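Summary of the model geometry
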Amino acid sequence: MPDVERLERTLEAKAATLPKERERFDTWWFLVLAVVGVVSLLVFVKPDPFLRIVLFLRDGIGVTVRITVISFAFILVVGLIGGLGRLAKNWLIHGIASLYVEIIRGIPLLVQLLFLYFAFPQVLDGVGAWLIKLSPSLHGAGQWLVDVKPDPFVMAVAGLTICYGAYMSEIYRAGIQSISKGQMEAARSLGMSYFQAMRYVILPQAVRVILPPVGNEFVALLKDSSLVSVVAVSDMTRRGREFMSSSFMSLETWTMVALLYLVMTLFASRVVAYIERKTAFAK
Amino acid sequence: MQNEIIVIQGAVKRFGRVEALRGVDLTVRRGEVVVIIGPSGSGKSTLLRCINHLESLDEGCIIVDGIPLTQAENINRVRAEVGIVFQQFNLFPHLTALENITLAQRVVRKRSREESERIAMELLKKVGIPEKAHAYPAQLSGGQQQRVAIARALAMQPKIMLFDEPTSALDPEMIKEVLDVMLALAKEGMTMVVVSHEMGFARAAADRIIFMDEGVIVEETTPELLFTAPKHERTKLFLSKILH
């Protein structure tokens, strides 16, 4: 479309005369430069122990990123289901969703992770044994439950998803409620079903509203993922502890771990801000 | 095809302890334009919203085009036949004018993108703003937004159009452009139920005027008789207040 092209060119020309936002030397850039500067300075000036620490942490960084991103994908889905459940008129669905949110929000994440990894397998054992006793036809399923070993990574993702899914449910609920009732009425009056109205009218608007709190959740999750180190996942924090216990260099190790988390969270919050700008629409 | 397209019998609607409708009977014939007037809180908007089941009745029944509004599947069938235009426009702010008009056509009527866009452009021409097809609601004036909302409802090819105070949220200079569209629609023979205090429109287009107060129909008459010879005291009092 030539019209659009022309418009784009005009806008570009206009933008060139204005100071660009990304050229602005704001607080974020200052922080990032400072943190990255400190990290490189330490690595170059004192490669021993700092370069050694970074190399030792490297696979832990990967695990931390992977666990955060994978959990977050699940959290977005669980949160949507939970949020819709909280808004459901059906008392049973509403009750289940509310119970989930209220219970999970009241238990510390660390305790939830410990329960999932150490206590939950015992529950499975018990159920398995009961199934075996109940009927020979259920022996296979029962035996499987007794034999199954919890995979640390899977349990960590499950724990983070269950916990953050509850918080995310509340964010989705608030976001959907922030869209005026008239939008749902207009969509329904055109013959759309409840789910069509949600999919095409309400959620596209709600997503823009909840983007900032969702971004905050992502950054918080990135940090809270350090708790999975207690359930045998070799994330950055656990690798840091391993390095420390072999080298006894607490100050150097935890300084580097803290700086690396900071770099990651700063970039994450910037990505969120970028997405916010990209998805904004004329109000 | 029977002549009565909307039949309302003994409609009662309560909001908590407040009775918004206290036994309303109303029949609208095919092609008729009915204007409902009355003081605020008289139940006129509630009655309108009950016709396409945005509110459900507590007692009584509504039959639209032979379909009783009771079961869930009937409600969706009726909604496809009944377009509604709201006081606050309720356009979808994240979609352009064109997309506002095509969305339900594609999702509900399963029309192709090309066909729904062709219909949308025709309707935008009809309401006089084809050049705004790619504008977002926030970039349109109130009058333009309301005309897009009318086009959006018409795109579903409804048999009945409901208007819930369509000009009450508009600046005075924009009221006419919306009323002109509604007048044209009335001339084409569309069945319309309009809640509005635009007496000029009522005089020009209405076949019947209904005066509601405190949840009941007080008077049912023609525009000429309403202005020259209102029967009830309450109607006279109300008219003296709105016709300054």
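Use the structure listed above.
Described in the following lines is the structure provided in the data block. All values reported here derive from a predicted model rather than from experimental measurement. (Residues numbered from 1 in each chain as written. Chains lettered and ligands numbered in written order. Predicted model: local features only at pLDDT ≥ 70, side-chain atom pairs only at ≥ 80, totals over all residues. Heavy atoms only, no water.)

Moving on, we come to the overall build of chain B. Each helix and strand in chain B was counted, giving nine helices and ten strands. Its C-alpha atoms give chain B a radius of gyration of 18 Å, near enough to 18 Å, the size a compact globule of 244 residues would have. Projected onto its principal axes, the C-alpha positions of chain B cover 55 × 45 × 35 Å. For chain B, the proportion of its 244 residues judged to be buried stands at 56%. At a minimum sequence separation of 6, the contacts of chain B that also span at least 24 residues come to 65%. Carbon together with sulfur atoms contributes 49% to the accessible area of chain B, which is approximately 10,600 Å² in total. One finds the centroid of the 30 positive side-chain charges in chain B at a distance of 2 Å from the centroid of its 31 negative side-chain charges. (Helix = DSSP H or I, 4+ residues; strand = E, 2+ residues; numbered from the N terminus. Rg over C-alpha atoms; globule rule 2.2 N^0.38 Å. Buried < 20%, exposed > 50% of the residue type's maximum accessible area, 1.4 Å probe, protein only. Contact = heavy atoms within 4.5 Å. Areas by Shrake-Rupley, 256 points an atom, 1.4 Å probe, with all protein chains shown as cover. Lys, Arg positive; Asp, Glu negative; His and termini not counted. Charge placed at Lys NZ, Arg CZ, Asp CG, Glu CD.)

Another aspect to go through is the overall build of chain A. Within chain A, the secondary structure is distributed over eleven helices and zero strands. N-terminal to C-terminal, the α/β element order of chain A is α-α-α-α-α-α-α-α-α-α-α. Here the C-alpha atoms of chain A give a radius of gyration of 24 Å, more than 25% beyond the 19 Å that 2.2 N^0.38 yields for 283 residues. Burial statistics for chain A: of 283 residues in total, 39% are counted as buried. Here the analysis covers contacts within chain A between residues at least 6 apart in sequence; of these, 75% occur between residues at least 24 apart. Positive and negative side-chain charges in chain A, numbering 28 and 21 respectively, have mean positions lying 4 Å apart.

The next subject is the packing of aromatic side chains. By the definition in use, this model includes six aromatic pairs over all chains. Here the aromatic rings of Y117 of chain A and F118 of chain A are separated by 4.9 Å at their centres, their planes lie at 80°, and the arrangement is edge-to-face. Since its relative accessible area comes to 17%, Y117 of chain A is described here as buried. A relative accessible area of 48% places F118 of chain A in the partly exposed class. Ring geometry for Y194 of chain A against F195 of chain A: centres 5.3 Å apart, planes inclined by 85°, an arrangement best described as edge-to-face. For Y194 of chain A, a relative accessible area of 29% translates into the label partly exposed. Of note, R239 of chain A hangs over the ring of F56 of chain A, and the distance from its end group to the ring centre comes to 4.0 Å. A cation sits over an aromatic face here: R152 of chain B above F92 of chain B, 4.5 Å from the ring centre. (Phe/Tyr/Trp six-rings, centres within 6.5 Å; stacked < 30°, edge-to-face > 60°. Lys NZ or Arg CZ within 6 Å of the ring centre and 35° of its normal.)

Moving on: the sheet that holds strand β1 (residues 4–15) of chain B. Residue and element names in this part refer to chain B. On the basis of which strands lie adjacent, the open sheet formed by four strands has the order β2-β1-β4-β5 and antiparallel pairing. The open sheet has two edge strands with one neighbour each: β2 (18–29) and β5 (67–68). Relative to β5, strand β4 (residues 59–64) runs antiparallel, the two being bridged by two bridges. Residue V64 lies in a different strand from β5, and its bridge partner there is I67. (Pairing = 2+ DSSP bridges.)

Contacts between the two partners involve 19 residues from chain A and, on the opposite side, 22 residues from chain B. Across the chain A to chain B interface the summed buried area is about 1,900 Å²; carbon plus sulfur atoms make up 64%. The interface formed by chain A and chain B holds one salt bridge in total. With a shortest N-O distance of 2.5 Å, E185 of chain A and R49 of chain B are connected by a salt bridge. Among the elements of the structure, α8 (181–189) and α9 (194–224) of chain A are those that each provide at least two residues to the side of chain A that touches chain B. Taken together, the residues of the side of chain A that touches chain B sort by class into nine nonpolar, six polar and four charged. (Buried area = accessible area lost by both parts, 1.4 Å probe. Salt bridge = Lys/Arg side-chain N within 4 Å of Asp/Glu carboxyl O. Nonpolar A, V, L, I, M, F, W, Y, C, P; charged D, E, K, R; others polar.)

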